[in-house]
Structures are given as C-alpha cells and as structure tokens.
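Remarks on the overall topology
Here are the chains, one letter per residue:
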2 protein chains.
Amino acid sequence: MNRKIVLPDSEIPTSWYNIIPDLKNPPAPYYNPQTMKIIGPEDLAPLFPMELIKQEVSAEREIPIPEEVLAIYRLWRPTPLIRALNLEQKLGLKSKIYYKYEGASPAGSHKLNTAIAQAYYNKKEGIARIATETGAGQWGSAMSIACNYFGLKCTVYMVRVSYEQKPYRKHLMHVFNAEVFPSPTNRTNSGRSILKDNPNSPGSLGIAISEAVEDAATHADTHYSLGSVLNHVCMHQTVIGLEAKKQFAQTGDYPDVIVGCVGGGSNFAGITFPFIKEKMDGKKIRFVAVEPAACPTLTKGIYDFDYGDTAKMAPIALMYTLGHTFMPDGIHAGGLRYHGASALVSQLVKEGLVEAVALKQLETFQAAITFAQTEGIVPAPESAHAIAQAINEAKKADADGKPATVLFNLSGHGNFDMASYEMYFEGKLKDIELPQKDIDAAMKDRPHIK
Amino acid sequence: MNRKIVLPDSEIPTSWYNIIPDLKNPPAPYYNPQTMKIIGPEDLAPLFPMELIKQEVSAEREIPIPEEVLAIYRLWRPTPLIRALNLEQKLGLKSKIYYKYEGASPAGSHKLNTAIAQAYYNKKEGIARIATETGAGQWGSAMSIACNYFGLKCTVYMVRVSYEQKPYRKHLMHVFNAEVFPSPTNRTNSGRSILKDNPNSPGSLGIAISEAVEDAATHADTHYSLGSVLNHVCMHQTVIGLEAKKQFAQTGDYPDVIVGCVGGGSNFAGITFPFIKEKMDGKKIRFVAVEPAACPTLTKGIYDFDYGDTAKMAPIALMYTLGHTFMPDGIHAGGLRYHGASALVSQLVKEGLVEAVALKQLETFQAAITFAQTEGIVPAPESAHAIAQAINEAKKADADGKPATVLFNLSGHGNFDMASYEMYFEGKLKDIELPQKDIDAAMKDRPHIK
C-alpha cells in the first residue's frame, strides 16, 4: 500500500472553488470603518487590485487559475496526501488518519497558494510594492517569495514577539529580498500610537495589519495584501481540498471528519470548502476548526460586526470576534493569534456546518512531538493544533466503537519553530486560557452595525 | 511537461548497489591504528554490527534492503527528480539542469538513507545505544531520528562551531530524544586532551569522531556509527542514484555530467555510483566532485594511507587526505570540513573516473540564493557547492556550443542554516583558501603504511 498519494503536475486544479454561491445565506457585506457604510469596490481600490476585489464578491463557483500562477504552483504542487500509518500504529488506532502536507511549499506552509495569486494580480495591474503583516512569519515568507517571483518589492510588518522568537523566518524573507520590520514600528501613525502607550508592546496581528494597511494607503505604488480571513484568500486555498478529493478517490476511503487549525481561517477553508460542498450535496462528513485556548475566537467570541484591525483602518466584517483591541498572550502558535476570523468560516460555524474546539498549548506540543517521532515531520505549532484534534477525533471514534477516517491539514512544517520546541522541552511553555474579563474589555469598542 | 518526476512508493529500490565488485582494482584494506596490521572483522566488532562489517567488504553487487528499512524509507522516498526550469530560465541556459531532492527526508538531508539502515542492524544485534559525531548537524539529526524509530538511545558529539552556529539542529535532535554535546567535551580522553591544549577549540569532525569512537569502545552496550566515508555508508546512499536512473528514463534525457558535493563523500557516491556502473558499461558521462577551497581534500590533498580521526582511534584508510591533524576554518558548510574522504570516492578520483574541483564559499552562497529565488528551495550550504558547480558546468557547455544535461544532488535543505545566510547578507562571510603550509604541517604525522 502506498503511504503517500502523489499526483502528477498535470493534476493541479485549474480553477479555485468559490463557496459563496453554494452558501445557504449570502454573506453579509463589509462596512467602511470611516463612513460605516457598505463597502464598494472604490473603497477597496487603494488597497487591492480590481481582480481580487471582484473575486471577493464573485458569484461564480469556479474561478480559473491563471497559467502564470499555475507555473509557480508546479514548483511544489500537487502536495502529497499521506496516510499516517506510523502515527496510527503508535497510538494503537483502528481509525485511519490522513494528512495533506502543505509544508512542502517553498514557504514551508499553505500560505504560498494565495501569495502567488495575489502577487500576480498586483503585478498585472502595475503595482510596484506590497505591504503586508505577518504573525509567526509564515505569511511574510510566502509573500516575500511570491513578490520576488513577480519582481515586486515587499515590506513586511512582523509581530514583534515572533520577530524575536523566530529570527530564521526573518532571514528567509531576506533571502527573497523583502524588508522586514518588527511591529509596532515608528514608520506609521498606527505603530507610533501603540508605542507611545506601550514602548515594549509585543505586537499583535491586529496592530501589524493596521501598519501595513496604512503603508499601502499612503503610497500610490503600493498595495496591501492579507494572508488569511478574506474570501478571495480562502478561495485560493481551495487547491488543497480539491487535490485532496482527487487523492482520496485513489485510496478507497472517504473522510468522516476533516480537521484544520484556525487563525484567520484560510488553511481550514482551503481543505474543507470543497468537501463542504459535498456535504451540502448529501455526503455525511463533519468539519472541526481548532483554535488555541489562549485566543478562542470561534468558541468564546461573539458573532457580530467588528473591525479587522486594531486601529480601525481595515474593513468591518460580520464574524466571530474577541474584540479588535484584544491582545492575545505570546503563545507559540503565532499564526493563530488573531482576534477575528474569516467571515465565511464564521458563518459556517454559526450555521452549524462547522464545529469549533479550543485546545491548550501543551497538548498541542505533545501531539506535535508524537507526530514528529512517528511521521518524521516536525509540524508548525499552528498545525499542531490540527494534529492534536485529529488524534482526539480518532481516539473518540475508536472509543465509540466506530473507527473513523480522519483527514487533517498539515498546514506547515516547524523547521523555523525549533526554539519553541526547545522551550517546551525546557518546561518554559505554559497553558494559557483566556479570562472572560479580557474578552469583555476588548468588546467595549465594537462598531455596532445594524 | 512535468517539472517533478515523482515515483510511487512501490518504486523505491529493494537492493542497494555495491560498486566494489565492479571496480577496476580492489580497494586497499583498512589498517588497525594500534597494530598497523590489516583490520579483520574482530577489530571492528566493538564498533559495528557484524552485518555492516560484512557489507563493508562485500563482493555482492546487490544487497537486499530489509523490509523494516524500506518501511521507514517510505516516509519520504522515492524523492523527486526535478527539472530546474526556473533556474535555467533565469540564467538563460540552453543546457538542462536536473536535481534529485534529498532534503525531502525527515532529517532534511540524504543522511537518513544510511542512518535508518545502521540503526536497524544495530538494533537487530541487541545494541542499546549509538554514539556518533556530527558536523553541521545533518548526520546527528538523521541518527537521532533513526535511533528513535528503532528504540535505541543516541549520543551525539557535535562539532562545537556548528553547535553554536546551528542551535536548531540541536533542538531537532532533542525532538527525537537524542543527547547532544558540543565537541570537544570533557566526557572522553580524546576530548579532554584537546581541551587541555586549547580550551576554546572550535572542534572538528576528526575530533568528534575520536570522541564517539572512544565512547562506543568503552561501553559494551554501545556501538559507533559513521555518517559518511565508509563503503557501507556510500552503498546505502545508492538508493538516490538508483531512483534517479528510473526517473531519467521517464524524461527522455540522460545526464552528460553528474555533480555532487563531497565532505566524506557519501551523497556524491549515492547519486553517482549507479551511473558510474553505466559509464563502465560504455555510457558517456562525467562525474564532478565539489569540495570547499577551505578544505580541498581531493584537489590538494595527497593519496595515501591516513588515520580517519584526529586521535588515531579510527581505522587507517587509503584515501585523499589533508592530514588527520588538519583543522579546517569554521566555514559554513560544516558537513564538508573533513580532512579525508571516502576510500572508494578517492580511488575513483585517482583512477580518473571522477573529476574534482574546489569552490570558494562566497560563490556557493551566491549560487544558493539564485537557486532559492528561482526553484524555491533554500539549500544547505554543503549542497550549495553542488549547485554552484552545476551552474558552472551548464554555462561552460553552453559557451562551448554543446548544451548539456546536468544532474546534481541537492543533498539537503538549508532551513536550519538560515543564520549563515543572514551572515552572508551582512557581509560577514569570507572566502578562505587553504595555505599549503597548513597541509604540509598536518601531513607530518602520517602512518606510513607499506
């Protein structure tokens, strides 16, 4: 039996799957944070190329992937679907566990799927530079690589706590000619305003987004690029699930449950959306979004309109949120430290199509080490959340006497996160759960749309 | 056209290729460093399992790979053969460049091919612990992973300069339960003797080998394991070349020249030996071994008997050597800092079947960055030597008006070497060429066999 289901280059999907036309209810519009009115394309034009603005609200089920994007996808796609035989054996499972390995990309994560597309559309519309933010550095690496391929300059605002914890990510961005700054910086009004109150601010995705948006909005040759959350980003990631469907067709199995970690939601969307379509069409299948207990947006946040960033410069969206001023602890899954979540993923949770769970940090590191020791891949701490929950699902199915087929998205490798593993072994990591009062405090400044 | 030639799990070779019976001249025997007599199996038994001792001198052309080893190879093998289309385009080449990507392994390098086999045979013969050395950390990582799979303990003596430059490699070994010490240590007589003369010794592979051999020789439950140089190690690596042959058969091309970097010589042996067999059978093909100008064993060393390690505990072999007391500068291709080379590779160089060149450090980093920016893989600094020479070969063939097909072995990724890249960008790396007087000095203490 093949452990790895590998497809030839010719099997890379040629269209992305857009879930919007298949949703039970149409998504709520975005609102302009200054005017509080529904956002139109003209509001977004200073930040995004028109092609992506169209994709954001497209009613087309399939959007063709440009050949220029496919040419770069071929560097690493299709990614393998792998049966975790060694992990199953180690745990004595009757359930089967499969994983889709997105860490095979040049950036080491799924992020490059959308970065390449975004860089392409920006280049096509004559943009010279991209400003963006990054948490753990996965998105910043991906955008640096993508910009380098299309000859764009790239400026990355990297959350300070990750900038310090993960210098290798910063070095990687330098290999691809990006400039990287620890956020909050003195380069923007948003950054300066945070630093005035707290010169030692560890930063957050919300703050870094504000800085990157401001940079783009104040430079005519520069656009902004977001690595998760938005509809078009989730859509670009569907290459993951579309490939996984083809690969499952070769195994004779079909997933009973699909697990993915959620920060903004894009890797989860990428692997699940094509299968959610099949559930809508009658397949029996569950979807579980996993988030950190230290930043439990989907499980403890409220479903309401909120700002996408700390400084209220990004669009207002209807989503699960912990409040845009929420400042998560410096946990090691830096990519999961976002106060909000994708509007689409939020809606699917709200409508009951997707379940959500929150896991504590130590459980995820333990799962990561078991996985590394059996499957040979050290996962990113973010992806470790998916691993831990996949194991939980498999054990529970066994305990219920109904062994299941579990699929999870291994969104990235942890080669640049080794210092976090060393801290885990040294006993320096702690379980952090979010006190309700922090959520209550962060909720005070909501925009109150409708 | 497929960029990546990917084989199914079922195409992993089921035998290793042993080049010894196909050599024009039989290899010289090893000598015991204490008695100066030819080594027999009983001399090696305290260090190695009998199965590996037999493989070291086997006259069989094909040695079956045990199913237990194949089962773990399936975690990442077959590795892809990739056409470097983006690199070719960037350089405007008419020549074609292919690479075999061994960085896809859990250890991030080719080293795991032999580590798995060695751990397996040791486990089978009842050994409880492996002591070994590591330069850049690639071998130590591989042995840690292999030992963990077979339930063996693993003690790694890591050359101090790499231990300090590459903490992530050390962390990776910890994930797989190994204990790692910066060598020279106070744990062995060899280490203490070096530290007495030079408490700040940066270490060398020669010293670290002495420490690991001494550890194994003084503990009955412990064996030694070497990550390169020896015949059986080179043989285990031939899975690389055997797969590459199958993959080339799918391309319609055939390599005119194969390039690999050489520290001890095993990754070079792995990709070339199966093709050297074809050259002996009449194919027209060249082989180029690339080493650093700071440690130019094959190009500036002499072909003579020398000790395998600094403290004269390891066997004496007929090989190219810079002298067993040679202390290379702390260049960033730590895996290429060895005073000697594989006896088999040395013999093939001596007999004219293999060419050798030495490259300076900065040229290899420049090639590595060009490669990363086009092909999307940041290479290990060791592998960067092969990349630089592959580019040189392709350019020369173009200049000669005879575009060629170049194959090189991308022996490992550089995800754990990012600090070296950062130093390169900061202008902190220098070109180091070895003064002849250093070689002359190191040659004084040769064993003078025959």
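Figured I'd write up the structure that's included with this text. In every chain, residue numbers begin from 1 and rise along the written sequence. Lettering of chains starts at A and numbering of ligands starts at 1, both following the order in which they are written. Owing to the predicted nature of the model, reporting of local features is limited to residues with pLDDT of at least 70; listing and counting of side-chain atom pairs is limited to 80 or more, with chain, interface and lining totals taken over all residues. Excluded from the side-chain calculation are hydrogens and water; included are all heavy atoms of the structure.

1. As for the overall build of chain A
Numbered from the N terminus, helices here are DSSP runs of H or I no shorter than four residues, and strands are runs of E no shorter than two. A tally of regular secondary structure across chain A gives 19 helices and 15 strands. A compact globule built from 450 residues should have a C-alpha radius of gyration of about 22 Å, and chain A, at 20 Å, falls within 12% of that. Dimensions along the principal axes, computed over C-alpha positions, put chain A at roughly 55 × 50 × 45 Å. The buried label goes to any residue with under 20% of its type's maximum accessible area, the exposed label to any with over 50%, and the partly exposed label to all in between, with areas taken from a 1.4 Å probe on protein chains only. Here chain A holds 450 residues, and 67% of them are scored as buried. Throughout, a residue-residue contact means that at least one pair of heavy atoms, one from each residue, lies within 4.5 Å. Taking all contacts inside chain A whose residues are at least 6 apart in sequence as the whole, residues at least 24 apart take part in 78%. C-alpha atoms define the radius of gyration in this analysis, and the globule rule sets the expected value at 2.2 Å times the number of residues to the power 0.38.

2. Looking at the relation of the copies chain B and chain A
Least-squares superposition of the copies uses the C-alpha atoms of those residues scoring a pLDDT of at least 70 in each of them. Of the transformation placing chain B onto chain A, the axial shift is 0.0 Å and the rotation is 180°, giving an RMSD of 0.0 Å. The superposition operator between the copies reduces to a two-fold rotation axis. For chain B, the smallest separation between a C-alpha atom and the rotation axis is recorded for Asn415(B), amounting to 3.1 Å. In this assembly, 100% of the residues forming the interface of chain B have copies in chain A that are likewise at the interface, indicating an isologous arrangement.

3. Description of the environment of Pro167(A)
The residue Pro167(A) is located in helix α8 (residues 167-175) in this model. Taking the C-alpha atoms as reference, Pro167(A) lies 28 Å from Leu47(A); in sequence the two are 120 residues apart.

4. As for unusual backbone geometry
Residue and element names in this part refer to chain B. Look at the link from arginine 77 to proline 78: it is a cis peptide, with omega at -10°. Among the secondary structure elements, proline 78 is positioned in the loop between α3 (67-73) and β4 (81-83). At histidine 448, a position not held by glycine, the phi torsion is positive, near 55°. Tracing the backbone through its elements, the reader meets histidine 448 in the segment after α19 (436-442). For histidine 448, a relative accessible area of 54% puts it in the exposed group.

5. A look at the packing of aromatic side chains
By convention, a stacked pair of Phe, Tyr or Trp rings (six-membered ring in the case of Trp) has centres within 6.5 Å and planes under 30 degrees apart, an edge-to-face pair has planes over 60 apart, and any other such pair is tilted. If you walk through the whole model with that rule in mind, you get 31 aromatic pairs over all chains. Considering the side-chain rings of Tyr157(B) and Phe181(B), the 6.3 Å spacing of their centres and the 40° angle between planes classify their relative orientation as tilted. A residue pair is termed long-range when its members are at least 10 positions apart, and Tyr157(B) in strand β7 (residues 153-159) and Phe181(B) in strand β8 (residues 179-183) qualify at 24 residues. Tyr157(B) sits in the buried class, given a relative accessible area of 1%. Grouping aromatic residues by their ring pairs yields a cluster made of Phe365(A), Tyr421(A), Tyr424(A) and Phe425(A). Positioned above the aromatic ring of Tyr163(B), the side-chain terminus of Lys170(B) is 4.5 Å from the ring centre. Placement of a positive charge over a ring is assigned whenever Lys NZ or Arg CZ falls within 6 Å of the ring centre and within 35 degrees of the normal to the ring plane.

6. Let's talk about the environment of Ser95(A)
All names here are of chain A. Positionally, serine 95 belongs in the loop between α4 (85-91) and β5 (96-101). Each C-alpha atom of the pair serine 95 and threonine 405 lies 5.8 Å from the other, and the pair is 310 residues apart in sequence. Beyond its immediate sequence surroundings of up to four residues, serine 95 is in contact with Glu88, Ala394, Ala397, Asp398, Pro403 and Ala404. Only 2.8 Å separates the side chain of serine 95 from the side chain of aspartate 398, close enough to count as a polar contact. Polar side-chain contacts of serine 95 include one of 2.8 Å to the backbone nitrogen of alanine 404. Polar contact is defined as a pair of N or O atoms within 3.5 Å, subject to the rule that within protein one atom must be able to donate a hydrogen and the other to accept it, and that residues adjacent in sequence are counted only when both atoms are side-chain atoms.

7. As for the sheet that holds strand β15 (residues 405-410) of chain A
Residues and elements named next belong to chain A. Two strands qualify as a pair provided that DSSP identifies no fewer than 2 bridges between them. With mixed pairing, the 7 strands of this open sheet are ordered in space as β1-β4-β5-β15-β10-β11-β14. This sheet does not close on itself; its edge strands, each paired only once, are β1 (4-5) and β14 (355-359). Pairing of β1 with strand β4 (residues 81-83), which is carried by 2 bridges, proceeds in the antiparallel orientation. Looking at β4, one finds that lysine 4 is bridged to isoleucine 82. Across the sheet, helix α13 (residues 266-280) touches β5, β10 (257-261), β11 (286-292) and β15, and the angle it forms with β11 is around 160°. What counts as an axis is a line fitted to C-alpha atoms, over the stretch in contact for a helix, and the angles between N-to-C directions run from 0 to 180 degrees. On the sheet, helix α17 (residues 381-399) packs against β5, β10, β11, β14 and β15 and is oriented at approximately 155° with respect to β10.

8. Some points on the pattern of salt bridges
All names here are of chain A. Salt bridge, as used here: a side-chain nitrogen of Lys or Arg that lies within 4 Å of a carboxyl oxygen of Asp or Glu. Per the counting criterion, the structure on display carries 44 salt bridges over all chains. Close ionic contact of aspartate 215 with arginine 187 constitutes a salt bridge, the shortest N to O distance being 4.0 Å. Taken together, the positions of aspartate 215 in helix α10 (residues 205-217) and arginine 187 in the loop between β8 (179-183) and α9 (189-197) put the pair 28 residues apart, joining distant regions of the chain. On the accessibility criterion, aspartate 215 (3% relative accessible area) is buried. Between glutamate 393 and arginine 286 there is a salt bridge; the shortest N-O distance is 3.0 Å.

9. A few points about the interface of chain B and chain A
Of the residues lining the interface, 42 residues belong to chain B; the matching set on chain A comes to 42 residues. Buried area is a sum: the accessible area each of two parts loses on coming together, probed at 1.4 Å, counted once for each and added. For the chain B and chain A pair, buried surface summed over both sides reaches about 3500 Å², with 56% attributable to carbon and sulfur atoms. The largest share of the area that chain B buries against chain A comes from Tyr168(B), Val175(B) and Gln373(B), three residues that together contribute 19% of it. Our count for the chain B to chain A interface comes out at 2 salt bridges. Where Lys4(A) meets Asp9(B), a salt bridge forms, and the shortest distance between an N and an O atom there is 3.1 Å.

10. A look at the state of the cysteines
Covalently bonding the sulfur atom of one cysteine to the sulfur atom of another cysteine gives a disulfide. The term disulfide is used for any two cysteine sulfur atoms that are within 2.5 Å. Following the criterion strictly, the structure yields 0 disulfides over all chains and no others. No disulfide involves Cys154(B); its sulfur sits 4.0 Å from the nearest other cysteine sulfur, which is in Cys147(B).

11. Structural notes on the packing of helix α18 (residues 418-425) of chain A against helix α8 (residues 167-175) of chain B
One way to put it is that α18(A) packs onto α8(B) with a least axis distance of 9 Å and a crossing angle of 50°. Taken together, the axes of α18(A) and α8(B) lie oblique to each other. Here α18(A) runs over α8(B); the crossing is left-handed. Within the contact between the two elements, α18(A) uses Met418(A), Ala419(A), Tyr421(A), Glu422(A) and Phe425(A) and α8(B) uses Tyr168(B), His171(B), Leu172(B), His174(B) and Val175(B). Of the residues assigned to the contact of α18(A) with α8(B), the class counts are 7 nonpolar, 2 polar and 1 charged. Between 65 and 115 degrees an angle is taken as roughly perpendicular, under 35 as roughly parallel, over 145 as roughly antiparallel, and anywhere else as oblique. Note on convention: near helix rotated counterclockwise from far helix by under a right angle means a left-handed crossing. Clockwise means right-handed. Residues are grouped as follows: Ala, Val, Leu, Ile, Met, Phe, Trp, Tyr, Cys and Pro are nonpolar; Asp, Glu, Lys and Arg are charged; every other residue, Gly included, is polar.

12. Examining the pairing of strand β9 (residues 222-225) of chain B
Residues and elements named next belong to chain B. Residues Thr222 and Tyr224 line one face of β9 and the alternating positions His223 and Ser225 line the opposite face, and both faces are buried. In the sheet, strand β6 (residues 129-134) pairs with β9 via 4 bridges, with the strands oriented parallel. Looking at the pairing, threonine 132 lines up with serine 225 of β9.

13. Notes on the side chain of His339(B)
Residues and elements named next belong to chain B. The residue histidine 339 is located in the loop between β13 (316-321) and α15 (343-350) in this model. Looking at histidine 339, its side chain comes within polar contact range of the main-chain oxygen of tyrosine 307, at 2.9 Å. With residues up to four places along the chain from it excluded, the contact list for histidine 339 reads Thr297, Asp306, Tyr307, Gly308, Asp309, Met319, Tyr320, Thr321, Leu322, Gly323, His324 and Phe326.

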